[in-house]
Each structure stands twice: as C-alpha cells, then as structure tokens.
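These are the residues of each chain, in order.
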Amino acid sequence: MGSTTDRIKGTANEAIGRFKRRLGKVTGSPAMQGRGAILEAKGRGQKALGGIKRIVGRVTAAAHWPR
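So, a few notes on the structure that sits alongside this text.

Cut-offs and rules
- Residues numbered from 1 in each chain as written.
- Predicted model: local features only at pLDDT ≥ 70, side-chain atom pairs only at ≥ 80, totals over all residues.
- Heavy atoms only, no water.
- Helix = DSSP H or I, 4+ residues; strand = E, 2+ residues; numbered from the N terminus.
- Rg over C-alpha atoms; globule rule 2.2 N^0.38 Å.
- Buried < 20%, exposed > 50% of the residue type's maximum accessible area, 1.4 Å probe, protein only.
- Areas by Shrake-Rupley, 256 points an atom, 1.4 Å probe, with all protein chains shown as cover.
- Contact = heavy atoms within 4.5 Å.
- Salt bridge = Lys/Arg side-chain N within 4 Å of Asp/Glu carboxyl O.
- Expected span 1.5 Å × (residues − 1).

Concerning the overall build of the chain
- Along its length, the chain carries two helices and zero strands.
- Compactness check: the chain gives a C-alpha radius of gyration of 17 Å against a globular reference of 11 Å for 67 residues, more than 25% above the reference.
- In terms of principal-axis extent, the alpha carbons of the chain reach across some 60 × 15 × 15 Å.
- Here the chain, with 67 residues, has 21% of them falling under the buried criterion.
- As displayed, the chain has an accessible area near 4,900 Å², and 66% of this comes from carbon and sulfur atoms.

See below:
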C-alpha cells in the first residue's frame, strides 16, 4: 500500500475504533470496548506507517536527484 492509502485506512480504523470503544462504554460491554481500543490502536499504527513511508519516499527521491 502507498503512504496515502495507509494514512486514509488508519484514519478510518481509528474513527471506527473510537466509536466502538464509546459504544461499548455506553452499553456496558467490555468486549466491545476492547475491540474498539484494538482497532483504534491499529489505526494509529497505520497512520504512523503511512507517514514513515512518505518520509522514506521523499528521502530516496532527494537522494536520487541529479546534481
């Protein structure tokens, strides 16, 4: 996946996870809270990976720039 795709999917997973975690809190479901927290963490990781890929792409492009 590209950096933009990772960041978009990460944002979506983070939002869905936050929703599930809050829904679990409202309904009193620890299982839903846990699933939401895991999905939220996965989203943060995906966003971070997308950012790293973007930085690496820029650095390698700059390294190959003709001088």
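Digging into the side chain of Q46
- Along the polypeptide, Q46 turns up in helix α2 (residues 30-63).
- Aside from chain neighbours lying at most four places away, what touches Q46 is D6, R7, K9, G10 and N13.

Notes on the pattern of salt bridges
- Tallied over the entire structure, the rule returns six salt bridges.
- A salt bridge links R18 to E14; the shortest N-O distance between them is 3.8 Å. Taken together, the residues span about one helical turn, with R18 and E14 both in helix α1 (residues 3-27) at a distance of four residues.
- Judged by relative accessible area, which is 28%, R18 ranks as partly exposed.
- Connected through salt bridges with shared partners, the residues E14, R18, R21, E40, R44 and K47 form a single ionic network.

Looking at α2
- The end-to-end C-alpha distance of α2 is 49 Å, a good match for the 50 Å that 34 residues give at a rise of 1.5 Å each.
- Within the span of α2, buried status applies to M32, G36, L39, E40, G43, Q46 and G50.
- Those residues of α2 that are buried are in contact with α1.

Side note on the side chain of S3
- Examined against the element boundaries, S3 turns out to sit in helix α1.
- Setting aside residues up to four positions removed in sequence, S3 forms contacts with G50, K53 and R54.

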